[in-house]
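Below, each chain spelled out in residue letters.
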Amino acid sequence: MNKEKLTVAVITISDSTVAGTRADRSGPALEARARELGWQIASTKLVPDETEYIAAAVAALADSGEIDVIISTGGTGLSPRDVTPEAVRSVAPREVPGFGEQMRAEGRKSTPFASLSRNGAFTRGATLILTLPGSPRGAVESLEAVVDLIPHAVNLLHGRSEHHAKL
């Protein structure tokens, strides 16, 4: 597993967590796994399930130039309040479909309901943005499904690849 040093931000998207009626368990679980991988946590945020708040948080972090990967958790299901993919797409229209496909394929090994998740990946500038499920288990399992792809994707976004060097 590649333990390349990446700078990461974790965003928990949850009305109840923002309201203080439910503890955030997914964000800390993702932070712990990222640290185990040797990645640096530069920022953590809590935002409600509102398109404008999600979009603003993602755009600000990506545009800071300091974050390689934004990992969001929550808002990827089918309920009317689950708007994370739409919010992220509004500020990061370049989707990376293979990430979501891989996450759902791995998730189906644990639960048939993984197919209902709308988790995935997008890019804004040189930042990779992952949209993961809101449950701690689902979030970490989804991250694990694509963890080996992330350093290479970040290198490509930063123009660090063999074919870029030839140009």
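Please refer to the structure higher up on the page.
Bear in mind the structure is a predicted one, so any value in this text is a computation, not a measurement.

Trainee: I keep staring at the overall build of the protein chain and nothing clicks. Help me out?
Mentor: Within the protein chain one finds eight helices and six strands. Scaling as 2.2 N^0.38, a compact globule of 167 residues should have a C-alpha radius of gyration of about 15 Å, and the protein chain matches this with 15 Å. Across its three principal axes, the protein chain shows a C-alpha extent of roughly 50 × 35 × 30 Å. Buried positions account for 48% of the 167 residues belonging to the protein chain. In the protein chain, of all internal contacts separated by at least 6 residues, the share reaching a separation of at least 24 is 73%.

Trainee: Help me understand the nonpolar core in this model?
Mentor: The nonpolar side chains of a soluble globular protein tend to be buried with one another. Within the largest apolar cluster, 24 residues are counted, with the highest numbers of intra-cluster contacts made by Trp 39, Val 69, Ile 71, Phe 99, Leu 130 and Ile 150. At the level of secondary structure, the elements contributing two or more residues to this core comprise β1 (7-13), α2 (26-36), β3 (69-73), α5 (97-107), β6 (127-132), α6 (136-146) and α7 (150-157). In terms of residue count, α6 provides more of this core than any other element does, four residues in total. Counting 20 residues, the second-largest nonpolar core is a separate cluster that includes Ala 9, Ala 55, Ile 67 and Val 91.

Trainee: Teacher, can you tell me more about helix α3 (residues 51-63) here?
Mentor: One turn of an α-helix holds 3.6 residues; hence residues three or four places apart share an orientation. If you check α3, its first and last C-alpha atoms are 18 Å apart, about what 13 residues at 1.5 Å a residue would give, namely 18 Å. Within the sequence span of α3, burial applies to Ile 54, Ala 55, Ala 57, Val 58, Ala 59, Leu 61 and Ala 62. Buried residues along α3 sit in contact with β1, β2 (40-47), β3, α4 (84-91), β5 (120-124) and β6. Once α3 finishes, Gly 65 follows within two positions and takes phi at roughly 75 degrees, a positive value.

Trainee: What is the right way to look at the side chain of Thr 7 in this model?
Mentor: Its place among the elements puts Thr 7 in strand β1. The exposure class assigned to Thr 7 is buried, which follows from its relative accessible area of 16%. Sequence-distant contacts of Thr 7, that is, excluding residues within four places in its chain, are made with Gln 40, Ala 42, Glu 66, Ile 67, Asp 68 and Val 69.

The rules we used
Residues numbered from 1 in each chain as written. Predicted model: local features only at pLDDT ≥ 70, side-chain atom pairs only at ≥ 80, totals over all residues. Heavy atoms only, no water. Helix = DSSP H or I, 4+ residues; strand = E, 2+ residues; numbered from the N terminus. Rg over C-alpha atoms; globule rule 2.2 N^0.38 Å. Buried < 20%, exposed > 50% of the residue type's maximum accessible area, 1.4 Å probe, protein only. Contact = heavy atoms within 4.5 Å. Core = buried A, V, L, I, M, F, W, Y, C linked by side-chain atoms within 4.5 Å. Expected span 1.5 Å × (residues − 1).

Honestly, it's all geometry; don't read function into it.
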